[in-house]
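So the chains spell out like this:
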Amino acid sequence: MNMKIKTLLLGATVALSGGIMTSCSDDDDFTSTIFDTHEYPLDRTAYTFPLDTFLKANFQQPYNLRFIYKMEDIGSDLQKNLVPADYARSMQLAVLSKYLWFDVYKKFGGEQFLKENSPRIIHLVGSPAYNPTSGTETLGTAEGGLKITLYKVNVLDVDNIDLMNEYFFHVMHHEFGHILDQTHQRPSTIFDVISNGHYDPLDWQNKHDSVTASWGFVTPYASEAAREDWVETLSCYLTDNEDTWNNRLNTARYDWEDVDFKDVAFAWSAADIKWLSQRGVVFMREGVEIPAADLNNYKKTGGVFFGSDMANTGDNFDESNIFARYITSRTYDIDSVGYLFPQQNGDYHVVRKVIARNANGLAMVDENGKISFGDLSAGGTDGIDGQAIILQKLDLVRSWMKTYFNIDIDAMRDEIQSRQYVRNADGTFAKDAQGRYVNALTQEKEDGNPVMWDLLWEVLRFSLLK
């Protein structure tokens, strides 16, 4: 095989040399291209005919865009173990891409905007793309403003909008933002210096989202570099529902610190933990309650306790019981409160809010006896107001999109939300009994069909042509 390759290379070299040594004559018969440009009709007998026809009509013909769901090795990362996208989920993602991405940009930017700026290839891959050296996972890539690759298509779940936004639509707007940034560069002389000194291209994956929010980043990935910060700000704002966005901003108001797990003292005995757990104190790890039986293991390896603001006082607690010790510890030994955050090397860190302390190192409290986090209006204890920085960055993105593309991202965000979530009669978004936004894609309309069925019918109707 190696000999054949060498022979082919040698032949190519000889042919090239011959071309250099001879001159072109006037009667050389050059054609416009050496490639086959004939457009072959789609195979009506193929089971993929409906989706192929939909993609041709809605992406290729209007925007000269190839929407590839039959994974092509030549267009994939050969260093990763990847699998093709499932046909049914590819169909779902295709119609949703049109409905929640292209149609929205068309409405606010115009069809010509999409013709000029949309990618030329969208490539779907069914599996995740893991990066073993960094312990991260690539959800999407944009290559030279021409191609966007989306991974994890086989986990698409139309019943879970939060998951769809995280894996797909956030990624779409992120990667499309890179394309737009290449067309009209962001105001880098202003934007790139706002968080200068906090970007970390080598270790951003080991940063907790609360910590990076306190520095003015919407996500840890935004802290990788200014170019990622720019498109993360855009994509988070467009795809976050109101609660998610407000939670980001609220978290960013506080200062957060990252402390090695082994440096945090344990405050409770096993008996205390059991007693407190029975009375409403919740011990948490990454937002998930830790079973009482597991807490001893944490004590043995360094120990941390995690508590909520305990509201259950129905047992008439008094100053002599453990609850009083708990409250005292929260006030004067607050170092033991936080969240466990796993590191790439297998260790755990504790992420916690930074509190104001007096000269003796004890927690300061306000006039109501509440723990003080410093003057948040002045940036808390470190003088960095993460919320103000995020809003400053958003204003730059907002102005840039309006100036160069005449797109109102506030109106576009509202349109995206309206397509994803059910609205009440008063214009607010409806929530279910658990406080979650109601999925407009799967909710039955007055005709008895959900929006998702109408979208899929745009593909399935082409079956009638088979």
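To be clear, the structure that these remarks concern was listed above.
Enquirer: Can you walk me through a nonpolar patch on the surface in this structure?
Expert: A cluster of nonpolar residues, Trp453, Trp457 and Leu464, forms a patch on the protein surface that exposes about 350 Å² of accessible area. With respect to the helices and strands, Trp457 occurs in helix H15 (residues 451-460). Given the relative accessible area of 38%, Trp457 is considered partly exposed.

Enquirer: Can you walk me through the nonpolar core in this structure?
Expert: Across soluble globular proteins, you tend to see nonpolar side chains buried next to one another. In this structure, Leu96 and Tyr105 are the most contacted members of the largest nonpolar core, which totals 85 residues. For this core, the leading source of residues is helix H3 (residues 87-109), giving 12 residues. Contacts of Tyr105, omitting those with residues within four sequence positions, involve Gly110, Phe113, Leu114, His173, Phe176, Leu238, Met401, Ile407 and Met412. Of all hydrophobic cores here, the second largest spans five residues; its members include Met71, Val125, Ala129 and Tyr151.

Enquirer: Sorry if this is basic, but what is going on with the packing of aromatic side chains here?
Expert: Describing an aromatic ring pair means giving the distance of the ring centres and the angle of the ring planes. Enumeration over the complete set of coordinates arrives at 24 aromatic pairs. Judged by centre distance (5.7 Å) and plane angle (20 degrees), the rings of Tyr105 and Phe113 are stacked. Taking relative accessible area as the criterion, Phe113 reaches 7% and is therefore assigned buried. For the pair Tyr421 and Phe429, a centre-to-centre distance of 6.2 Å together with 75 degrees between the ring planes defines the contact as edge-to-face. Over the ring of Tyr254 we find Arg253, and its NZ or CZ is 5.5 Å from the ring centre.

Enquirer: Would you take a moment to explain the packing of helix H5 (residues 161-183) against helix H8 (residues 226-239) for this structure?
Expert: Between two packed helices, what matters for the description is the angle formed by their axes and the separation of those axes. The interhelical angle for the contact between H5 and H8, taken along N-to-C directions, is 130 degrees, at an axis separation of 8 Å. Classified by the angle between their axes, H5 and H8 sit oblique to one another. Classified by chirality, the crossing of H8 by H5 is right-handed. Between H5 and H8, the contacting residues are Asn165, Phe169, His170, His173, His174, Gly177, His178 and Asp181 on the first element and Arg227, Glu228, Trp230, Val231, Glu232, Leu234, Ser235, Cys236, Leu238 and Thr239 on the second. Taken together, the residues that form the contact of H5 with H8 break down as six nonpolar, eight polar and four charged.

Enquirer: Just checking my understanding: could you explain the environment of Met172 for this structure?
Expert: By secondary structure assignment, the location of Met172 is in helix H5. When sequence neighbours within four positions are dropped, the list of residues in contact with Met172 reads Leu93, Ser97, Trp101 and Leu150.

Rules used in this analysis
Residues numbered from 1 in each chain as written. Predicted model: local features only at pLDDT ≥ 70, side-chain atom pairs only at ≥ 80, totals over all residues. Heavy atoms only, no water. Patch = residues over 30% accessible without salt bridge, like charges linked within 9 Å, V, L, I, M, F, W, Y side chains within 5 Å. Areas by Shrake-Rupley, 256 points an atom, 1.4 Å probe, with all protein chains shown as cover. Salt bridge = Lys/Arg side-chain N within 4 Å of Asp/Glu carboxyl O. Helix = DSSP H or I, 4+ residues; strand = E, 2+ residues; numbered from the N terminus. Buried < 20%, exposed > 50% of the residue type's maximum accessible area, 1.4 Å probe, protein only. Core = buried A, V, L, I, M, F, W, Y, C linked by side-chain atoms within 4.5 Å. Contact = heavy atoms within 4.5 Å. Phe/Tyr/Trp six-rings, centres within 6.5 Å; stacked < 30°, edge-to-face > 60°. Lys NZ or Arg CZ within 6 Å of the ring centre and 35° of its normal. Axes fitted to C-alpha atoms, helices over the stretch in contact; angles between N-to-C directions. Parallel < 35°, antiparallel > 145°, perpendicular 65-115°, else oblique. Left-handed = near helix turned anticlockwise from the far one by under 90°. Nonpolar A, V, L, I, M, F, W, Y, C, P; charged D, E, K, R; others polar.

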